[in-house]
Amino acid sequence: MNRQENIRLLPSSTEQNKPEERIRTSLGVAYWAESASLMEHLLDEDSVDLIMTSPPFGLVRKKEYGNADASDYVNWFRPFAKQFARVLKPSGSLVIDIGGAWNAGTPTKSLYHYELLLMLCKEFDFHLAQEFFWWNPSKLPTPAEWVNVRRIRVKDAVNNIFWLSPSPFPKASNRRVLTPYSKSMEGLLEAGYRAKKRPSGHDISKNFSTDNGAAIPPNLIAVANTESNSHYLRYCNENDLPVHPARFPALVPEYFIRFLTDCDDLVIDPFAGSCVTGEVSERLNRRWICSEIEDKYLLGAKGRFLESQSPKQLRLTGTKVESYNIQRPGALWDDNPQLPLSADGGRTRPKKRK
């Protein structure tokens, strides 16, 4: 099969903002380009199997890699949404990793990412297949003012991941992303389980005790974002190139590429950053297109494709890898002093301890 099937070459143009190719492999291409325009001119209708991306979040403070204000985010995103709806196959998926934003000066959250979700579904007829949550166990306790200083919020450690599709039935299989059984489930399988109806009304049949070898995962993805010595980082450091400051770990796109695509399918990332999606797609034998508007980050992205890397170099594998644990509520409640709550809800900044 032709790996460049469904991809048209850009017509010759003398436009100043013409997309420029920066990386090419046997499976994919990375462009320095504005992605809405690139998709419009490069991709046919119904030609893409998966759009896997982490766009710049709507933030109150500007970041160097670019972002739209939370209040203007939906309008900024609309031209991209139009192209997403056009190029995706009916069986395809749109997966968006997007973090929340705090309203300026107050301990309240912006609704911009939910407004984005509603826009995509109401204006462009996407279906919400499922909402995922990426929990980053290594996330620092932010926002510091509300979490560390005034102690009126807990740390914000979860991103929303919206899985959307043009039809109610995108292709998918959770058999591709199974996880090891928990210790308690292993014990239940060994000791046996008596079929019965739970107080909730759920009828747990004897099939529940069938050993299928692995468990169906929840919609919570636990991946620490702790990359510190990867080939990409070494390449950037050795060549004095800027490192993209907002990379998602390879396991996040890999989860959805495995879950939602087959070999030789076409995966695109219109906000590619350092081309993590392209690197994972290359390793999993998917065709890919990455687009990034900041050319400086594509210079470092080349390092992802200069040498063959085994999956073990890119991620931890195997059932013996230690899982992350979340402490149950109440683990320390008996030991915590019951200090009175602030009458003004934390409006007044506490005095520094001497």
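Heads up: the structure comes first, above all this text.
Described in the following lines is the structure provided in the data block. (Residues numbered from 1 in each chain as written. Predicted model: local features only at pLDDT ≥ 70, side-chain atom pairs only at ≥ 80, totals over all residues. Heavy atoms only, no water.)

**Section: the overall build of the protein chain**
Right, on to step 1. Helices and strands together make up the secondary structure of the protein chain, namely 10 helices and 11 strands.
Right, on to step 2. A separation threshold of at least 6 residues defines the contact pool for the protein chain, and within that pool the share at least 24 residues apart is 73%.
Right, on to step 3. As presented, the protein chain carries roughly 20,800 Å² of accessible surface, and 51% of it is formed by carbon and sulfur atoms. (Helix = DSSP H or I, 4+ residues; strand = E, 2+ residues; numbered from the N terminus. Contact = heavy atoms within 4.5 Å. Areas by Shrake-Rupley, 256 points an atom, 1.4 Å probe, with all protein chains shown as cover.)

**Concerning helix H6 (residues 231-238)**
Right, on to step 1. Within the span of H6, buried status applies to His 231, Tyr 232, Leu 233, Tyr 235 and Cys 236.
Right, on to step 2. In this fold, the buried residues of H6 make contact with helix H9 (295-301).
Right, on to step 3. Looking one or two residues past H6, Asp 240 carries a phi angle of roughly 55°, positive in sign. (Buried < 20%, exposed > 50% of the residue type's maximum accessible area, 1.4 Å probe, protein only.)

**Here's the deal with the pattern of salt bridges**
Right, on to step 1. Applying the stated rule across the entire model yields 15 salt bridges.
Right, on to step 2. A salt bridge links Asp 262 to Lys 171; its shortest N-O distance comes to 3.3 Å. In this pair, Asp 262 is assigned in the loop between helix H7 (251-260) and strand E10 (266-269) and Lys 171 in the loop between strand E6 (158-165) and helix H5 (183-191), connecting sequence segments 91 residues apart.
Right, on to step 3. With a relative accessible area of 32%, Asp 262 lands in the partly exposed category.
Right, on to step 4. Across the pair Lys 171 and Asp 265 runs a salt bridge, and its minimum N-O distance is 2.6 Å. Taken as a pair, Lys 171 in the loop between E6 and H5 and Asp 265 in the loop between H7 and E10 lie far apart in primary sequence, 94 residues in all.
Right, on to step 5. Bridged by salt links that share partners, the residues Asp 49, Lys 89, Lys 171, Arg 176, Asp 262 and Asp 265 form one connected network. (Salt bridge = Lys/Arg side-chain N within 4 Å of Asp/Glu carboxyl O.)

**Section: unusual backbone geometry**
Right, on to step 1. Along the chain, Thr 142 connects to Pro 143 via a cis peptide bond; the corresponding omega equals 0°.
Right, on to step 2. Topologically, Pro 143 is positioned in the loop between strand E5 (127-135) and helix H4 (144-149).
Right, on to step 3. A positive phi angle, near 80°, is found at Asp 264, a position not held by glycine.
Right, on to step 4. Note that Asp 264 resides in the loop between H7 and E10.

**Concerning the packing of aromatic side chains**
In this description, a pair of aromatic rings is defined by centroid distance and the angle of the planes.
Right, on to step 1. Following the criterion strictly, the structure yields 19 aromatic pairs and no others.
Right, on to step 2. Seen from their ring centres, Trp 135 and Tyr 324 are 6.3 Å apart, and the 80° between their planes marks the pair as edge-to-face. Here the residue Trp 135 occupies a position in strand E5, and Tyr 324 occupies one in the segment after helix H10 (311-314), the gap between them amounting to 189 residues.
Right, on to step 3. For Trp 135, a relative accessible area of 15% gives the class buried.
Right, on to step 4. Owing to a relative accessible area of 43%, Tyr 324 belongs among the partly exposed residues under this scheme.
Right, on to step 5. The structure contains a cluster of three or more aromatic residues connected by ring pairs, namely Tyr 73, Trp 76, Phe 77, Phe 80, Phe 84, Tyr 112 and Phe 271.
Right, on to step 6. Of note, Lys 109 hangs over the ring of Trp 102, and the distance from its end group to the ring centre comes to 5.1 Å.
Right, on to step 7. Positioned above the aromatic ring of Tyr 232, the side-chain terminus of Arg 304 is 4.1 Å from the ring centre. (Phe/Tyr/Trp six-rings, centres within 6.5 Å; stacked < 30°, edge-to-face > 60°. Lys NZ or Arg CZ within 6 Å of the ring centre and 35° of its normal.)

**Some details on the nonpolar core**
Right, on to step 1. One finds Leu 43, Phe 77, Phe 84, Leu 94 and Leu 120 to be the most contacted residues of the largest nonpolar core, which totals 36 residues.
Right, on to step 2. Mapped by element, the contributors of at least two residues to this core are strand E2 (28-32), helix H1 (35-42), strand E3 (48-53), helix H2 (73-87), strand E4 (88-98), helix H3 (112-124), E6 and E10.
Right, on to step 3. If you tally residues by element for this core, the top one is H2, at 7 residues.
Right, on to step 4. Beyond its immediate chain neighbours, meaning those up to four positions away, Phe 77 contacts Pro 55, Phe 84, Ile 96, Leu 116, Met 119, Leu 120 and Phe 271.
Right, on to step 5. Counting residues in hydrophobic clusters, the runner-up holds 22 residues, among them Trp 163, Phe 248, Val 280 and Leu 284. (Core = buried A, V, L, I, M, F, W, Y, C linked by side-chain atoms within 4.5 Å.)

**Considering the packing of H7 against helix H8 (residues 276-283)**
Right, on to step 1. Where H7 contacts H8, the axes come no closer than 9 Å and their chain directions differ by 45°. Judged by the inter-axis angle, H7 sits oblique to H8. Crossing hand, H7 versus H8: right-handed. Where H7 approaches H8, its residues Pro 253, Glu 254 and Ile 257 are matched on the opposing element by Val 276, Thr 277, Val 280, Ser 281 and Arg 283.
Right, on to step 2. Taken together, the residues that form the contact of H7 with H8 break down as 4 nonpolar, 2 polar and 2 charged. (Axes fitted to C-alpha atoms, helices over the stretch in contact; angles between N-to-C directions. Parallel < 35°, antiparallel > 145°, perpendicular 65-115°, else oblique. Left-handed = near helix turned anticlockwise from the far one by under 90°. Nonpolar A, V, L, I, M, F, W, Y, C, P; charged D, E, K, R; others polar.)

**Structural notes on the environment of Leu 128**
Right, on to step 1. Position of Leu 128 among the secondary structure elements: in strand E5.
Right, on to step 2. Separated by 35 residues in sequence, Leu 128 and Trp 163 have C-alpha atoms that sit 6.2 Å apart.

**Here's the deal with the packing of H2 against H3**
Right, on to step 1. As a packed pair, H2 and H3 sit with axes 10 Å apart at the nearest point and diverge in direction by 40°. The orientation of H2 with respect to H3, classified from their angle, is oblique. Considering only the axes of H2 and H3, their crossing is right-handed. Residues Tyr 73, Val 74, Phe 77, Arg 78, Ala 81, Lys 82 and Ala 85 of H2 form the contact with H3, whose own contacting residues are Tyr 112, Glu 115, Leu 116, Met 119, Leu 120, Glu 123 and Phe 124.
Right, on to step 2. Its residues assigned to classes, the contact of H2 with H3 shows 10 nonpolar, no polar and 4 charged.

**Examining the sheet that holds E6**
Right, on to step 1. Ordered by their spatial adjacency, 9 strands build an open sheet running E1-E2-E11-E10-E3-E4-E6-E5-E9, and the pairing between neighbours is mixed. Each edge of the open sheet is held by one strand with a lone partner, namely strand E1 (20-24) and strand E9 (220-222). Here the strands of the sheet are splayed against their neighbours by 20° on average, with no regard to which way each runs.
Right, on to step 2. Note that E5 and E9 share 3 bridges and pair parallel. Counted as the bridge partner of Phe 133 is Leu 220 from E9.
Right, on to step 3. The sheet strands contacting H2 are E3 and E4, and the helix crosses E4 at an angle near 150°. (Pairing = 2+ DSSP bridges.)

So yeah, pure geometry; function would need other evidence.
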